[in-house]
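# A look at the structure
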Amino acid sequence: MIKARHFTASLAGLTALLSACTMMPQADSALASEAAFAEADGAFHSQAGDMGDFLIARYASLTNDPEAAAENYARIARIHPGDRSITERAVFSALLANDFPLALSISSQAGKSVLDETSLLRLTLAADAIASENFLAVSDLTARSQSGPFHAMVLGSLEAWAEFGLGNLAQAELKLMDAAGEDAYLRGIMLNSLALMEVAGGQDEEALETLEVLSANGTLIASTADTYARLLAERGKRDAARDVLQTYLEQTGHNPRITDVLERLEAGEELGMKRLTAREGAALAIYVPAAALAAQSADDLPGVYYSIALHLDPDLQAARALFADALDRSGRSEEAIAMLEAIPASSPYHVSATGQLAWALYRAGRKDEALDLARRTLEGEPQRDLKIQMADLLSSLNQDEESLVVFDEIIRSDEASGIDDWRLYYARGTLHEALGRWPQAEEDLLKAKTLNPDSPEVLNHLGYSWVDRGLHLERGMDLIRQALSLRPNSGAITDSLGWGYYKLGDFERAVHYLELAAEIQPDLAEIIDHLGDAYWMTGRRLEARFQWERAITLLEDEQDIHRIERKMLTGPETQAASRTP
């Protein structure tokens, strides 16, 4: 069984920052797809005399170095302003590197035909025009006939906010709804923008009607939920305002902005009204769909749009937090750290950014700094979600005793408040087990199973732990099979089933499942190690040693490496021996 850490991702993860639904059309394929870019490469290759810059830029792009890619693509784009492929790559890389001035410079020098065909360049120029309050220039940049639905919506939204900046409120509202087209989901996003524009234009009664529809449909985003609560509170309807905020949190999970407003409301503070400028409205018009895109994107593509949104509104800390998350997930942890450190202590996002920062430091290999930040954060009695993140981080830093103390505190506080969170019992159970306290571990794992009987993680962990100790063998195998039926493509759970058969002495069946596990997750040392053991017990000694050698290359812990090296000489423990003391 692979014992997963970082369990809190689903509990306090950054998806709670998203203020839109999770179904969003992908950004235009011409932008997101390398295949589309490649169509023009051949023509460029025949034109360029010196391919050095192109090759360097291409390599930098492939190796996740957007700064180098942007610099070299930009150099070529200035020489060949009519080359759409290179110009678009240059702007894309510059924005991904959060270098808006460079993206703007390249876009400004592009030929007319390139601008006409490339939405991203026009989006960059239109955003800068709004930021400079040059609203009259925007309509020339927002033609949408050659844009996909994503860019068409965003360009149309910018045109609407430019009209708002010119004082043409009625025209702005019409353009806003026209930008969504006939797509029901996009029209939901535009209704949220319409409510914000109505408030920005002083049409509070109209806004309340729009917000009521959005609330009834469960489609409020964070900005509009905040605005709705403020409008209600301003009219003396504080209980209704509280209901709006609490319902939003129940439906979407923790959100720093909504939590902050709710706490201020419950403290009896006057919330006041926030009315957007054209610049702030345009920033949200880019950020909101980009955040929805991030919910189904495993790469840093949404960072392109966060960069534009932050140029429009440098105080849009939600975009900064999500940009940092995208950077960290794509392996650009040092850039994520710098971005998170720029979020001021006065922002509602500062608390969640602290958790992000600690994990980014950890992933950047700066573990001493991550540990120091975790300890300092815990000394300050942080909010529950942040405290959970810090406890999880302590565990990942092998500070299991400290982590256990924190989880004990959280669980005691939860129990006093009538809260039963299975994930906390599961996390504490794995800590007790790691510390050799099986009775306490079993109690917590059983509690987690009672609270969430369909959790594959809990079923697998408890079942494996029983089988590995020679306890409740059939019951344990049944739990593992149940977990695998719930998550059939899990290498970790398939490994557990294979190892269970190994412990029961059914080596042939163990080989079958462990080979499947190794196919699903070929880079996990524990699976490869188990497969080697099973091969050895079926007489396949050369294959066993080969798997153990592979496992060693995947390990960092010297004790684990020495254990496998000894096994290569003497063979594994027999199936009857427990691998857990």
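Everything that follows concerns the structure shown earlier in this document.
Residues numbered from 1 in each chain as written. Predicted model: local features only at pLDDT ≥ 70, side-chain atom pairs only at ≥ 80, totals over all residues. Heavy atoms only, no water.

## Quick notes on the overall build of the protein
Spelled out, the test is: Put simply, DSSP H or I for four residues or longer makes a helix, DSSP E for two residues or longer makes a strand, and each gets a number counted from the N terminus. Under the scheme applied here, a residue whose accessible area is under 20% of the maximum for its type counts as buried, over 50% as exposed, and between as partly exposed, the area being computed with a 1.4 Å probe on protein chains only. Contacts are assigned to residue pairs that have any heavy atoms within 4.5 Å of one another. In short, Shrake-Rupley with a 1.4 Å probe defines the accessible areas, and a residue's cover is counted only from the protein chains shown.
When its secondary structure is counted, the protein shows 34 helices and zero strands. Of all 581 residues assigned to the protein, the portion counted as buried reaches 54%. In the protein, once contacts between residues fewer than 6 apart in sequence are set aside, the share between residues at least 24 apart is 59%. As presented, the protein carries roughly 24,800 Å² of accessible surface, and 50% of it is formed by carbon and sulfur atoms.

## Observations regarding the nonpolar core
Rule in force here: In plain words, nonpolar cores are sets of buried Ala, Val, Leu, Ile, Met, Phe, Trp, Tyr and Cys residues tied together by side-chain atoms within 4.5 Å.
Residues Ile 286, Tyr 287 and Tyr 306 are the most contacted members of the largest nonpolar core, which totals 162 residues. For this core, the element with the highest residue contribution is helix α18 (residues 278-294), accounting for 13 residues. Those residues in contact with Tyr 306 that sit more than four places away from it in its chain are Tyr 287, Ala 290, Ala 291, Ala 294, Ala 319, Leu 322 and Phe 323. Within the second largest apolar cluster, 24 residues are counted, among which are Ala 195, Val 199, Val 244 and Val 261.

## Observations regarding the side chain of Ser 307
Secondary-structure assignment places Ser 307 in helix α19 (residues 303-312). Other than its neighbours up to four places away in sequence, Ser 307 contacts Leu 95, Asn 98, Asp 99, Phe 100 and Phe 323.

## Some thoughts on the side chain of Asp 444
Put simply, the test is: In protein, a polar contact means a hydrogen-donor-capable atom and an acceptor-capable atom, both N or O and within 3.5 Å, with residues adjacent in sequence counting only if both atoms are side-chain atoms; elsewhere, any N or O pair within 3.5 Å suffices.
Tracing the chain through its elements places Asp 444 in helix α27 (residues 438-451). By relative accessible area, which is 5% here, Asp 444 ends up buried. A distance of 2.8 Å separates the side chain of Asp 444 from the side chain of Arg 428, its partner in a polar contact. Non-local contacts of Asp 444, meaning those with residues more than four positions away in its chain, are made with Tyr 425, Arg 428, Gly 429 and His 432.

## Some thoughts on the pattern of salt bridges
Formally: By definition, a salt bridge exists where a carboxyl oxygen of Asp or Glu is found within 4 Å of a side-chain nitrogen of Lys or Arg.
Scanning the model with the defined rule gives 39 salt bridges in all. Residue Glu 369 is joined to Arg 366 by a salt bridge in which the shortest nitrogen-to-oxygen separation is 2.8 Å. Measuring nitrogen to oxygen at the nearest pair gives 2.8 Å for the salt bridge that ties Asp 444 to Arg 428. Placement of Asp 444 in helix α27 and of Arg 428 in helix α26 (residues 422-434) is noted, with a sequence separation of 16 residues between them. Arg 428 sits in the buried class, given a relative accessible area of 15%. Here the residues in one salt-bridge network are Arg 384, Asp 385, Asp 414, Asp 421 and Arg 423, joined through shared partners.

## Things to note about helix α11 (residues 149-165)
Operational definition: Residue count minus one, scaled by 1.5 Å, sets the expected span of a helix.
Taking 1.5 Å per residue, 17 residues should reach 24 Å; α11 reaches 24 Å between its end C-alpha atoms and fits that length. Here α11 lies mainly inside the structure; 15 of its 17 residues are buried. Phi for Gly 167, located one or two positions after α11, is positive at around 90°.

## Examining helix α23 (residues 367-379)
Filter applied, for reference: Starting at the helix axis, one direction is taken to each C-beta atom, and the arc is that of these directions.
The end-to-end C-alpha separation of α23 is 18 Å, in line with the 18 Å expected for 13 residues at 1.5 Å each. Burial in α23 covers these residues: Ala 370, Leu 371, Leu 373, Ala 374, Thr 377 and Leu 378. Down the axis of α23, the buried set is contained in an arc of 165°. They therefore lie on one face. Within α23, the exposed residues directed more than 90 degrees away from the buried face are Asp 368 and Glu 379. Packing partners of the buried residues in α23 comprise α22 (350-363), α24 (384-396) and α25 (400-416).

## Focus on the packing of aromatic side chains
Selection rule: Pairing of aromatic rings covers Phe, Tyr and the six-membered ring of Trp, with a centre-to-centre limit of 6.5 Å; geometry is then stacked below 30 degrees between planes, edge-to-face above 60, and tilted otherwise. Consider the ring centre and the ring normal. A charge sits over the ring if Lys NZ or Arg CZ is within 6 Å of that centre and within 35 degrees of that normal.
In the structure shown here, the tally under the stated rule is 10 aromatic pairs. Look at Trp 499 and Tyr 502: their rings are 4.3 Å apart centre to centre, the planes differ by 10°, and that puts the pair in the stacked class. Of this pair, Trp 499 and Tyr 502 both sit in helix α30 (residues 491-503), three residues apart, which is roughly one turn of the helix. Like Tyr 502, Trp 499 is buried. Judged by centre distance (5.7 Å) and plane angle (15°), the rings of Tyr 501 and Tyr 513 are stacked. Of the two residues, Tyr 501 is situated in helix α30 and Tyr 513 in helix α31 (residues 507-520); the sequence distance between them amounts to 12 residues. Given the relative accessible area of 8%, Tyr 501 is considered buried. Taking relative accessible area as the criterion, Tyr 513 reaches 21% and is therefore assigned partly exposed. An aromatic cluster of at least three residues, connected via ring pairs, comprises Tyr 287, Tyr 306 and Phe 323. Above the ring of Tyr 425, the side-chain terminus of Lys 447 is found at 5.5 Å from the ring centroid. In this structure, Arg 541 is placed above the aromatic ring of Trp 536, and the distance from its NZ or CZ to the ring centre is 4.1 Å.

## Here's the deal with a negative patch on the surface
Selection rule: Like charges are joined within 9 Å and nonpolar side chains (Val, Leu, Ile, Met, Phe, Trp, Tyr) within 5 Å, but only among residues with over 30% relative accessible area and no salt bridge; these make up the patches. All tallies of charge rest on Lys and Arg as positive and Asp and Glu as negative; His and the ends of each chain are not included. Charge positions come from single atoms, namely NZ of Lys, CZ of Arg, CG of Asp or CD of Glu.
On the surface, a cluster of negative charge is made up of Glu 556, Asp 557, Glu 558 and Glu 565. Structurally, the position occupied by Glu 558 is in helix α34 (residues 558-570).

## A few points about empty space enclosed by the protein
Rule in force here: The pocket and cavity definitions rest on a 1 Å grid over protein atoms only: a 1.4 Å probe that fits but cannot leave marks a cavity, an open set with protein on both sides within 12 Å along at least five of seven lines marks a pocket, and residues lining either have an atom within 4 Å of a point. Grid points are joined across faces, edges and corners, and a volume is the space filled by probe spheres set on the points.
Taken as a whole and assessed by the stated rule, the structure comprises four cavities of 30 Å³ or more. If you add up the space inside the largest cavity, you get close to 80 Å³. Lining the largest cavity are 14 residues; nearest its centre among them are Ile 189, Ser 193, Leu 284, Ala 285 and Val 288.

## Digging into unusual backbone geometry
The phi angle at Glu 133 is positive, at roughly 60°, despite the residue not being glycine. For Glu 133, the location among the structural elements is in the loop between α10 (119-131) and α11. One non-glycine residue, Glu 381, lies in positive phi territory at about 50°. Among the secondary structure elements, Glu 381 is positioned in the loop between α23 and α24.

## Concerning the packing of helix α32 (residues 525-537) against α34
Here is the rule: Working convention: axes come from line fits to C-alpha atoms, limited for helices to the stretch in contact. Angles between N-to-C directions cover 0 to 180 degrees. Each angle is binned into one of four classes, with values under 35 degrees roughly parallel, values over 145 roughly antiparallel, values of 65 to 115 roughly perpendicular, and all other values oblique. Under the scheme applied here, ten amino acids are nonpolar (Ala, Val, Leu, Ile, Met, Phe, Trp, Tyr, Cys and Pro), four are charged (Asp, Glu, Lys and Arg), and all others, including Gly, are polar.
At a minimum axis separation of 12 Å, α32 and α34 run at an interaxial angle of 10°. Classed by the angle they form, the pair α32 and α34 counts as roughly parallel. Where α32 approaches α34, its residues Asp 529, Asp 533 and Trp 536 are matched on the opposing element by Arg 563, Ile 564, Lys 567 and Thr 570. A per-class count over the contact of α32 with α34 returns two nonpolar, one polar and four charged.

## Looking at the environment of Pro 522
With respect to the helices and strands, Pro 522 occurs in the loop between α31 and α32. The class of Pro 522 is partly exposed, set by a relative accessible area of 42%. Linking Pro 522 and Arg 550, residues 28 residues apart in sequence, is a C-alpha distance of 9.8 Å. Setting aside residues no more than four positions away along its own chain, Pro 522 makes contact with Ile 528, Arg 550 and Leu 554.

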